[in-house]
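# A closer look at the structure
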Amino acid sequence: MIRGAAGLRIAVIGGGIVGLACADELVRAGHDVSVFDPSPAGGATRAAAGMLAPGGEAWFGEEALLALGLDSLSRWPGFAADLEQRSGRHVDLRQDGALLVGGDRDDLTELLRAAAFLERSGVRADELDRPALRRLEPSISGRAAGGVRLPDDRHVDPRRVASALLAVLGERVLRARARPVADGVVLGGGDGVHVPADVIVLATGHAGLRHVRPVRGEVVRVRSCDAPTRVLRATWHGERVYVVPRSDGELVIGATEEEHPATPQTSATSDGPLPTVGGVARLLDTARALLPGIDTADVVEVMARDRPGSPDNGPLIGPLDRQGPARLLVAGGHYRGGVLLAPVTAAALRAHVDGLEVPATARCFTPDRFKYPTHHRNEDPCT
Ligand SMILES: Cc1cc2nc3c(=O)[nH]c(=O)nc-3n(C[C@H](O)[C@H](O)[C@H](O)COP(=O)(O)OP(=O)(O)OC[C@H]3O[C@@H](n4cnc5c(N)ncnc54)[C@H](O)[C@@H]3O)c2cc1C
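None of these values were measured; they are calculated from a predicted model. Per-chain numbering applies: the sequence of each chain, read as written, is numbered from 1 onward. A pLDDT threshold of at least 70 governs which residues receive local features in this predicted model, and a stricter bar of 80 or more applies before side-chain atom pairs are shown or counted, although totals over entire chains, interfaces and linings include all residues.

If you trace the six strands from one edge of the open sheet to the other, you get 8-2-1-12-22-21, paired in mixed fashion. A single partner strand is all that each edge strand has here, and the edge strands are strand 8 (173-174) and strand 21 (316-319). Here the rule is simple: two strands pair whenever DSSP picks up at least two bridges between them. Each helix is a run of H or I in the DSSP string that is no shorter than four residues. Each strand is a run of E no shorter than two, and both are numbered from the N terminus.

Below is the structure:
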């Protein structure tokens, strides 16, 4: 491992957006950090649309997760500016808000219920009738029933963020699979190289973390001459779709969501899982109904990856109980919000490592909340 200032030797296993953001924060705190990943930023980070949307994602019963998301959203401008300055790379953080769109009256009723919940939680959410919606985004179908504007949502390009983090971490990132042992990590399979560490951080996404399960998501990237300028999140006759515009003209259309215990129907290659015909067809059908102009768009990429889902949809950030000289911590289970939550996770993880005050919004997301069998999916971890 590269020796840093008088810091701890820290091994981060997993170089997705969460592991990389934590590693960067720990390096800046003066620690001696190495990241191990055979394919850095090749997991869920590679598929992510990059919506920084606590408002768009929030749901009833998840107030603590909404507060964590709002905290992280407020950190994003500083996080992005600092990373851009140190790496010399642009991460395409955009602050133009998001539109929630309802395809019919039932869809709109559901959206307005969500908007009322957001407003009660302090998130600005402005109702729009059909003409107002189309004035803001003329590419939306004239059949849309109406919508809601979330002016404070943002978005970023996760691939650019990961590439900037990889640039600042440089040779600290090693292309190797690793597993934790009592006093460090072992690389590769079997009797691989042993690397001693004082602290081990598990940031392996959906893989190998207790209480974390894979939830597959498929996305399609297209290029269109008739692209919206803001993030659109639509419910269209009960089907959901979002469209995220990048500054380079690409649109990310996502995402399916499927629980999949490993079955023969779910195929994978060494580059990750394969998208399905049904999933991609549903996404494109709904996206075309929302944005008729994308009919002639060029398809650039179709991809599937597994999100790291937890029993209550919240992340696990903090220490794990275990015997051994090296301390073991986890930063995982970020489910649909790992990009949004990267800055607050890095700050909280660093605070746990250094015994500092953990950000208030992150205190209830320690992994020990799952020790107690009464804790079930969709329960708020702070109540
Ligand atoms: C289709 C889709 C769309 C999404 N859209 C959004 C969005 O708009 N906004 C948002 O905030 N979030 C979004 N997400 C969720 C987000 O991508 C995840 O929450 C986030 O990527 C989790 O980051 P991570 O670093 O924990 O995991 P990952 O990105 O999966 O990274 C885990 C890494 O660990 C490595 N690894 C695993 N095992 C080992 C091992 N033994 N040794 C070494 N390395 C190992 C893997 O190679 C991988 O690189 C989306 C996800 C998907 C799939």
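Now that the structure has been shown, the text picks up again.
Let us now look at the site of the ligand. Each residue gets a C-beta atom placed from its backbone. Should that atom fall within 6 Å of a molecule or strand, the residue is termed near it. Inspection of the region around the ligand gives 44 residues, with G16, G43, G205, G217 and G338 positioned closest. Each residue is assigned to one class: nonpolar for Ala, Val, Leu, Ile, Met, Phe, Trp, Tyr, Cys and Pro, charged for Asp, Glu, Lys and Arg, and polar for all the others, Gly among them. Its residues assigned to classes, the shell around the ligand comprises 20 nonpolar, 18 polar and six charged. Note that the domain bounds reflect an automated or database-derived domain assignment. Both domains that furnish three or more residues to the shell around the ligand are identified here as domain 1 (1-94 + 155-212 + 310-383) and domain 2 (98-151 + 213-309).

What follows covers the packing of helix 1 (residues 17-28) against helix 9 (residues 338-354). Where helix 1 contacts helix 9, the axes come no closer than 8 Å and their chain directions differ by 40 degrees. Overall, the two elements helix 1 and helix 9 adopt an arrangement that is oblique. Every pair of crossing elements has a handedness; the one defined by helix 1 and helix 9 is right-handed. In contact with I17, V18, A21, C22, D24, E25 and L26 of helix 1, helix 9 contributes G338, V339, A342, P343, T345, A346, A347, L349, R350 and V353. Note on method: axes are straight lines fitted to C-alpha atoms, helices fitted across the in-contact stretch only, with angles between N-to-C directions ranging 0 to 180 degrees. What sets the label is the angle itself: under 35 degrees gives roughly parallel, over 145 gives roughly antiparallel, 65 to 115 gives roughly perpendicular, and the rest give oblique. By the definition used in this description, the sense in which the near helix is turned from the far one sets the handedness, with an anticlockwise turn below a right angle giving left-handed and a clockwise turn giving right-handed. Two residues form a contact once the distance between their C-beta atoms, set from the backbone, is within 7 Å.

When the domains of the protein are assigned, the result is domain 1 (1-94 + 155-212 + 310-383) and domain 2 (98-151 + 213-309). Placing a centre on the C-alpha atoms of domain 1 and another on those of domain 2 gives a separation of 26 Å. If you look at the interface, domain 1 gives 26 residues, while domain 2 gives 28 residues. Counting only elements with at least two residues in the side of domain 1 that touches domain 2, the list comes to helix 2 (44-47), helix 3 (54-57) and helix 4 (63-87). Sort the elements by how many residues they give to the side of domain 1 that touches domain 2 and helix 2 lands first, with three residues. Grouping the constituent residues of the side of domain 1 that touches domain 2 by class yields 10 nonpolar, 11 polar and five charged.

With an omega of -20 degrees, the peptide bond running from G254 to A255 counts as cis. Note that A255 resides in the loop between strand 16 (250-254) and strand 17 (258-259). Positioned with a positive phi, A41 is a non-glycine residue whose angle comes to about 60 degrees. Burial is judged by counting other C-beta atoms within 10 Å of a residue's own C-beta: 20 or more means buried, 12 or fewer means exposed, and anything between counts as partly exposed, with every C-beta placed from the backbone. Its 21 C-beta neighbours within 10 Å are what place A41 among the buried residues. Unlike most non-glycine residues, D92 shows phi in positive territory, near 60 degrees. When you line up the elements, D92 lands in the loop between helix 4 and strand 4 (98-102).

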